[in-house]
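Each chain, written out:
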Amino acid sequence: MILLNFENKGKYKGKGFDYNFLKNEDIKMIKRTIPMKVHTIRTTRFMRERYEREKNLLFKLLGNQDPDILPRNLHLLTGDFKKEHIKEKISVARNNRFRLKNVVSYNNINLISEEPEVLVVDFHYRRLNFNDFLKTMKNIKEFEFLSTSLPVDKFYIKSYIEWKDKCEAIYDKANVF
């Protein structure tokens, strides 16, 4: 809807997305679907117990805060579990907490934009920032997501797959070149 509003100066302001809008407008887009390959690391009992403790603590302290902090913080925790599996691969994470030369944050993806292979340690919690990452990566045909078997990683995997399916549906109904 953002692009429709941008091009039409508020014509669709306040309206939810409808595929019929694609019939009324001359929309051209480049189809770019980047598959995700999931590499699941072994999840230990220690990891599961720490995850449950953190989840319970976050729920306890939530109060009137934004509930989205739960998956955000839990995803950072699972990212910490993945550090020893990053090795030398060029990787992207939500922040620079690993302090490894081969890991950049989403704020610095331009440093790795020419790389043909990238390991995703954490998804960015804002879809738009993750989309910018995909757009910036000029040479990748797929990306690898380093996952645990913990629920928050499964959530982000499912979310990416659902988003990609929505994109495919839009591609099918719009002018793709």
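Computed from a predicted structure; not experimentally measured. (Residues numbered from 1 in each chain as written. Predicted model: local features only at pLDDT ≥ 70, side-chain atom pairs only at ≥ 80, totals over all residues. Heavy atoms only, no water.)

Enquirer: In this structure, what is going on with the side chain of Ser105? I would like to understand it.
Expert: Structurally, the position occupied by Ser105 is in strand S4 (residues 103-105). Residues contacting Ser105, with those up to four places away along its chain left out, are Val92, Ala93, Arg94, Asn95 and Asn96. (Helix = DSSP H or I, 4+ residues; strand = E, 2+ residues; numbered from the N terminus. Contact = heavy atoms within 4.5 Å.)

Enquirer: Just checking my understanding: could you explain unusual backbone geometry for this structure?
Expert: For residues other than glycine, phi is negative in most cases, and the peptide bonds are mostly trans. Positioned with a positive phi, Lys87 is a non-glycine residue whose angle comes to about 55°. Checked against the element boundaries, Lys87 lands in the loop between helix H4 (69-81) and strand S3 (91-93). A positive phi is found at Arg99, a non-glycine position, where the angle reads about 55°. Structurally, Arg99 is set in the loop between S3 and S4. Arg99 sits in the exposed class, given a relative accessible area of 75%. (Buried < 20%, exposed > 50% of the residue type's maximum accessible area, 1.4 Å probe, protein only.)

Enquirer: Would you take a moment to explain the pattern of salt bridges for this structure?
Expert: Side chains carrying opposite charge are able to pair once their charged atoms draw close together. Scanning the entire structure with this criterion turns up 10 salt bridges. The salt bridge partner of Arg72 is Asp66, with a shortest N-O separation of 3.7 Å. Look at the salt bridges and you will find they share partners, linking Asp80, Arg97 and Asp122 into a network. (Salt bridge = Lys/Arg side-chain N within 4 Å of Asp/Glu carboxyl O.)

Enquirer: What should I look at first to understand the environment of Ala169 in this one?
Expert: Tracing the chain through its elements places Ala169 in helix H6 (residues 151-173). Sequence separation between Ala169 and Leu61 is 108 residues; the distance between their C-alpha atoms is 40 Å.

Enquirer: Can you walk me through the environment of Lys23 in this structure?
Expert: With respect to the secondary-structure elements, Lys23 resides in helix H2 (residues 20-24). Relative accessible area serves as the criterion here: at 69%, Lys23 is assigned to the exposed category. Spatially, the C-alpha atom of Lys23 lies 47 Å from that of Glu88, the residues being 65 residues apart in sequence.

Enquirer: Sorry if this is basic, but what is going on with H4 here?
Expert: For the α-helix, the turn length of 3.6 residues means that residues three or four positions removed from each other point alike. Its 13 residues place the ends of H4 19 Å apart at the C-alpha level, agreeing with the 18 Å of an ideal helix rising 1.5 Å per residue. Of the positions making up H4, those classed as buried are Ile69, Leu70, Leu74, His75, Leu76, Leu77, Thr78, Gly79 and Phe81. Buried positions along H4 lie against helix H3 (45-62), strand S6 (143-147) and H6. (Expected span 1.5 Å × (residues − 1).)

Enquirer: Help me understand the packing of aromatic side chains in this model?
Expert: One pair of aromatic rings is described through two measures. These are the centre distance and the angle between the planes. Under the definition given, this model contains 13 aromatic pairs. Where Phe123 meets Phe145, the ring centres are 4.7 Å apart and the plane angle is 55°; that geometry is what we call tilted. A residue pair is termed long-range when its members are at least 10 positions apart, and Phe123 in the loop between strand S5 (119-120) and helix H5 (127-136) and Phe145 in strand S6 qualify at 22 residues. A single burial state applies to Phe123 and to Phe145, both of which are buried. Ring geometry for Phe123 and Tyr160: centres 6.1 Å apart, planes at 40°, overall tilted. Note that Phe123 is positioned in the loop between S5 and H5 and Tyr160 in helix H6, a separation of 37 residues in sequence. The residues Phe123 and Tyr160 share a single accessibility class, namely buried. Members of the aromatic cluster, joined through ring pairs, are Tyr106, Phe123, Phe130, Phe133, Phe143, Phe145, Phe155, Tyr156, Tyr160 and Trp163. (Phe/Tyr/Trp six-rings, centres within 6.5 Å; stacked < 30°, edge-to-face > 60°.)

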